[in-house]
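# Residue-level structure breakdown
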Amino acid sequence: MGELKRSHSCNDLGVDHIDQEVTLMGWVLRRRDHGGVIFIDLRDRWGMTQVVFNPEFNTEVHAKAHVLRSEWVIAVRGKVIRRPEGMVNNNLHTGEIELLVTELRILNSSITPPFPLDEDIEVSDSLRLQYRYLDLRRPGMADNLIMRHKACQALRAFLNDENFLEIETPVLTRSTPEGARDYLVPSRVNPGKFYALPQSPQLFKQLLMVAGMDRYYQIVKCFRDEDLRADRQPEFTQVDMELSFITEEDIYRIAEGVMKSLFAATRGLELKTPFPRMTYAEAMERYGSDKPDTRFGLELISLTDVVRGCGFQVFRTVVEKGGLVQGINAKGCAHLSRKDLDDLTAYVANYGAKGLAWVKVKEDGEWQSPIAKFFTDQERAGMAATLAAQPGDLLFFVADTATIVRTSLAELRLELARRLGLIDKNTFNFLWVTDFPLLEYDHDQKRHTAVHHPFTAPTEEDMAMLESDPGKVRSRAYDLVLNGTEIGGGSLRIHQKEVQNRVFKALSIAPEEAADKFAFLLKALELGAPPHGGIAFGLDRLMMIIAGRDTIRDVIAFPKTQKATCPLTDAPAGVARKQLTELHLRPDWQEEKK
RNA sequence: GGGGUCGUAGUUCAGUUGGUUAGAACGCCUGCCUGUCACGCAGGAGGUCGCCGGUUCGAGUCCGGUCGGUCCCGCCA
């Protein structure tokens, strides 16, 4: 860079700087070479400034500028001048001025980029990830990272004000039963033993409460070796926190404060608090989901009692076998085509629904429907009344087990809303979902498993049922849902050894196994563990929603592909045999022949 | 583990019923151009149609497999 020193960013200069001598550094976004005058759009993290090489003003530097190409890195010194009459670019923050160059220094050239860096051009994901450092130069991607930084700073400021301590926890820890598949790390020093990467710092943050830290938080990487989705990858970031001597109300207040500060810092939005709340039971009843999107209606309506003993055999048998019949009234949607209905039927089939019954309510109130003939006038009237059906409405029904009915109608509801354009992207609907069940029965494992995790406290009033009717016990867990996405969850924890042992027993974790895997926790609970609880937010998902993106890859600097690889570094990769033997691993695969 | 979808020039895509030499735009290269801002004009280069196999006189096109991207189901306390 020689004696040149950057004086401003590419977004700084305006009419106040006219006639000043400045130096800019950055990347050549575009050149417009008129043979005579040459314009370069110079870009950096902050913005863009037009720089001008004028042969009448400086022949030497103009001649030198002819070689400049996209993504060359340059330093330019010159004078800030007002653009001529009528040449102002109102789309550009620095559009009132330009830099008339007196000195050009080429800091680095660039080969032709593998894809254009223009914002509006779609490039395949594999190419973007292979050249992620170019992809991140695009303003939209850079903005996402900048926004993520602001979000982290805002929540740190808020939590610091609330007397939290930011404390790090180990990344090399031990594998514990329950939950997702662990990433394992073999120990060289301890042959045959393994560390696991944390699925969350759950037990460590509880131990920090036992340690009297009182309020802890951490922005922390977590690891789960499961298959990927648009909003899920194996390493992800949690905003993790834990507090002592609190109730649910304290957690809600803190979490709402975090969201408030975060949305103010990123979107400049003033969120209304407190957020609405809904029990798990109500959410399942009205939306068929424990993370309902409340930006639109299309609620599920139960018809199980209305169609009991009706003339339609499919519905009748399902009810007799203890299943459910539920419906959705798509108001004013009777105009949907047969193809639309076939598509929707295929859509719910993905979620196990064997069929999707539909009824178009005609202007005279008559039913146009393949199943109309199976019902008496009275039965039809009862169903119509329950669904508040009016002429022009389209009614959907699914009859099956409770799980299939709820899942398929919940997904149908979302798909309908998308197709009908009922979703407002600029609305942010938060919802606390409370009173989750503590346990659910796993038919494969033939035992109960924890809905949240094994350290979640049961409610006082249900505790007595732990042994007699474990499936009925409610927990002191809560989820925070934003626009139908679970963005966080937590619970009040068990802080007494006896209760923890009873829950382990309800989970069919044998006392010997509990002692082996969780001895340290049980011991800590005997040594003055305070009542405590906490919550963790999925930062990637939160940023995805705030940035208005469809995948968390767009808010992660170096994300993984759906096959959990990194096209940039080509991870995961093979290792030398010696590395394995040092770790006391004996591979049975053949080494690649050279 | 399963299902959908995509893969053609550097990039984004088109390519008819299987039929001559595979096209467009942008980008790139050369030349011209003194007020553009997606500058303009003229010319040019650039292709193992992801890969392997099959059907066929003939395959970018049809079939099977495989690899890669992506979305979903299962999975994700």
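Residues numbered from 1 in each chain as written. Chains lettered and ligands numbered in written order. Predicted model: local features only at pLDDT ≥ 70, side-chain atom pairs only at ≥ 80, totals over all residues. Heavy atoms only, no water.

### Description of the overall build of chain A
To keep things clear, this is the line we draw: We count a stretch as a helix when DSSP gives it H or I for four or more residues in a row; a strand needs E for two or more, and each element gets its number in order from the N terminus. Think of it in three bands: with a 1.4 Å probe and only protein chains considered, a residue is buried below 20% of the maximum accessible area for its type, exposed above 50%, and partly exposed in between. The contact rule is simple, with two residues in contact once any of their heavy atoms fall within 4.5 Å. For every accessible area listed, the method is Shrake-Rupley and the probe measures 1.4 Å; residues are considered covered only by the protein chains on display.
The secondary structure content of chain A amounts to 16 helices and 22 strands. In terms of principal-axis extent, the alpha carbons of chain A reach across some 95 × 75 × 60 Å. Relative to its 594 residues, chain A shows a buried fraction of 47%. Relative to all contacts within chain A whose residues are 6 or more apart in sequence, the contacts with residues 24 or more apart total 68%. Summed over all atoms, the accessible surface of chain A reaches about 30,000 Å², with 50% contributed by carbon and sulfur.

### What about the protein's contact with RNA strand B?
Definition in use: Whether a residue is near a molecule or strand depends on its heavy atoms: if one lies within 4 Å, it is near. We define a polar contact as two N or O atoms separated by no more than 3.5 Å, with the added condition that, inside protein, one atom must be a possible hydrogen donor and the other a possible acceptor, whereas residues neighbouring each other in sequence contribute only through side-chain atom pairs.
In the region of RNA strand B, 49 residues are neighbours, and M87, E98, E226, A450 and H452 sit closest. For RNA strand B, the backbone makes up 51% of the atoms found within 4 Å of the protein, where backbone means sugar plus phosphate. Contact between RNA strand B and M87: a base nitrogen at 2.4 Å from a main-chain N or O atom of the residue. Separating a phosphate oxygen of RNA strand B from a side-chain N or O atom of T561 is a distance of 3.2 Å. Among the elements of the structure, β1 (21-33), β2 (38-43) and α2 (125-130) are those that each provide at least two residues to the surface near RNA strand B. Top element by residues in the surface near RNA strand B is β1. It accounts for 4 residues.

### Notes on the sheet that holds strand β22 (residues 532-538)
Our working definition: One requirement defines pairing of two strands: DSSP has to find at least two bridges between them. Here an angle of 0 to 180 degrees is reported between the N-to-C directions of two axes, which are lines fitted to C-alpha atoms, with helices fitted over the stretch in contact.
The strand order β6-β9-β10-β22-β21-β20-β17-β11 describes an open sheet built from 8 strands, whose pairing is mixed. The strands lining the two open edges of the sheet, one partner per strand, are β6 (165-166) and β11 (277-279). With respect to the sheet, helix α6 (residues 248-267) is in contact with β9 (215-223), β10 (235-244), β11, β17 (430-434), β20 (477-482), β21 (485-492) and β22, its orientation differing from that of β22 by roughly 25°. Against the sheet, helix α7 (residues 280-287) touches β11 and β17, its axis set at about 85° to β11.

### A look at the pattern of salt bridges
We count it as follows: In what follows, salt bridge is the name for a side-chain nitrogen of Lys or Arg lying within 4 Å of a carboxyl oxygen of Asp or Glu.
A full pass over the atoms with the stated rule returns 53 salt bridges. D240 serves as the salt-bridge partner of K205, at 2.6 Å between the closest nitrogen and oxygen. Of this pair, K205 sits in helix α5 (residues 202-210) while D240 sits in strand β10, placing them 35 residues apart in sequence. By the burial criterion, K205 is buried, and D240 matches it. Through salt bridges with shared partners, a single ionic network connects R128, R132, D135, R138, R549 and D554.

### Re the packing of helix α13 (residues 497-506) against helix α14 (residues 511-525)
Note the following rule: Any angle that is under 35 degrees is reported as roughly parallel, and any over 145 degrees as roughly antiparallel; angles of 65 to 115 degrees are reported as roughly perpendicular and all others as oblique. Note: crossing handedness is left-handed where the near helix turns anticlockwise from the far helix by less than a right angle, and right-handed where it turns clockwise. Ten residues, namely Ala, Val, Leu, Ile, Met, Phe, Trp, Tyr, Cys and Pro, are considered nonpolar, four, namely Asp, Glu, Lys and Arg, are considered charged, and the remaining ones, Gly among them, are considered polar.
For the pair α13 and α14, interaxial distance at closest approach is 10 Å and the crossing angle is 155°. With respect to α14, the element α13 is oriented roughly antiparallel. Here α13 runs over α14; the crossing is right-handed. Facing K497, Q500, N501 and F504 of α13, the residues of α14 in contact are A514, F518, L521, L522 and L525. For the contact of α13 with α14, the residue count by class is 6 nonpolar, 2 polar and 1 charged.

### With respect to the packing of aromatic side chains
Definition in use: Pairing of aromatic side chains here covers Phe, Tyr and the six-membered ring of Trp, requires ring centres within 6.5 Å, and sorts the geometry by plane angle: under 30 degrees stacked, over 60 edge-to-face, intermediate tilted.
This structure, assessed with the given rule, holds 18 aromatic pairs. With a centroid separation of 6.2 Å and 85° between ring planes, the pair formed by W432 and Y478 is classed as edge-to-face. Taken as a pair, W432 in strand β17 and Y478 in strand β20 lie far apart in primary sequence, 46 residues in all. With a relative accessible area of 0%, Y478 lands in the buried category. Three or more aromatic residues joined by ring pairs form one cluster here, namely F312, F315, W367, F374, F375 and F397.

### Some details on the nonpolar core
What counts is decided by this rule: Put simply, buried Ala, Val, Leu, Ile, Met, Phe, Trp, Tyr and Cys residues joined by side-chain atoms within 4.5 Å make one nonpolar core.
Ranked by internal contacts, the top residues of the largest apolar core, which has 40 residues, are L159, M241, V258, M259, F430 and F537. Among the secondary structure elements, those contributing two or more residues to this core are α4 (139-161), β10, α6, β17, β20, β21, β22 and α15 (539-547). For this core, the element with the most residues is α6, which contributes 8 residues.

### Examining the sheet that holds strand β3 (residues 48-53)
If you trace the 5 strands once around the closed barrel, you get β1-β2-β3-β5-β4, paired in mixed fashion. Across the sheet, the mean angle separating the axes of adjacent strands is 55° when strand polarity is ignored. Note: β3 against strand β5 (residues 97-108), 2 bridges, orientation parallel. Residue pairing in the sheet places V51 in a bridge with L99 of β5.

### Focus: α7
Here is the rule: This arc is taken over the directions from the axis of the helix to the C-beta atoms.
For α7, the complete set of buried residues consists of A283, M284 and Y287. Take α7 and look down its axis: the buried residues cluster within an arc of 105°, on one side only. Contacts from the buried residues of α7 go to β11 and α11 (402-420). With its phi angle positive at about 70°, G288 sits one or two positions after the end of α7.

### Section: α15
Owing to its 3.6 residues per turn, the α-helix brings residues three or four apart onto one side. Counted residue by residue, α15 has 7 buried out of 9 residues, so it is predominantly covered. Buried within α15 we find L539, D540, L542, M543, M544, I545 and I546. Phi turns positive, to about 70°, at G548, one or two residues after α15.

### Some thoughts on the pairing of strand β13 (residues 324-330)
In terms of residue burial, β13 counts as a mostly covered element, since 7 of its 7 residues are buried. Both strand β12 (residues 301-302) and β13 contribute to a ladder of 2 bridges, which runs antiparallel. Looking at the pairing, S302 lines up with Q326 of β13. The sheet contact formed by β13 and strand β16 (residues 394-400) spans 7 bridges and is antiparallel. Within the sheet, the bridge partner assigned to A330 lies in β16 and is L394.

### Digging into unusual backbone geometry
With an omega of -5°, the peptide bond between T273 and P274 qualifies as cis. Looking at the element boundaries, P274 is found in the loop between α6 and β11. Following A571, the chain continues to P572 via a peptide bond in cis, the omega torsion being -5°. Take P572: it is sitting in the loop between α15 and α16 (577-582). Its identity as a non-glycine residue notwithstanding, E178 has a phi of 75°, on the positive side. Locating E178 in the fold gives a position in the loop between β6 and β7 (184-186). At F245, a residue that is not glycine, the phi angle is positive and equals roughly 55°.

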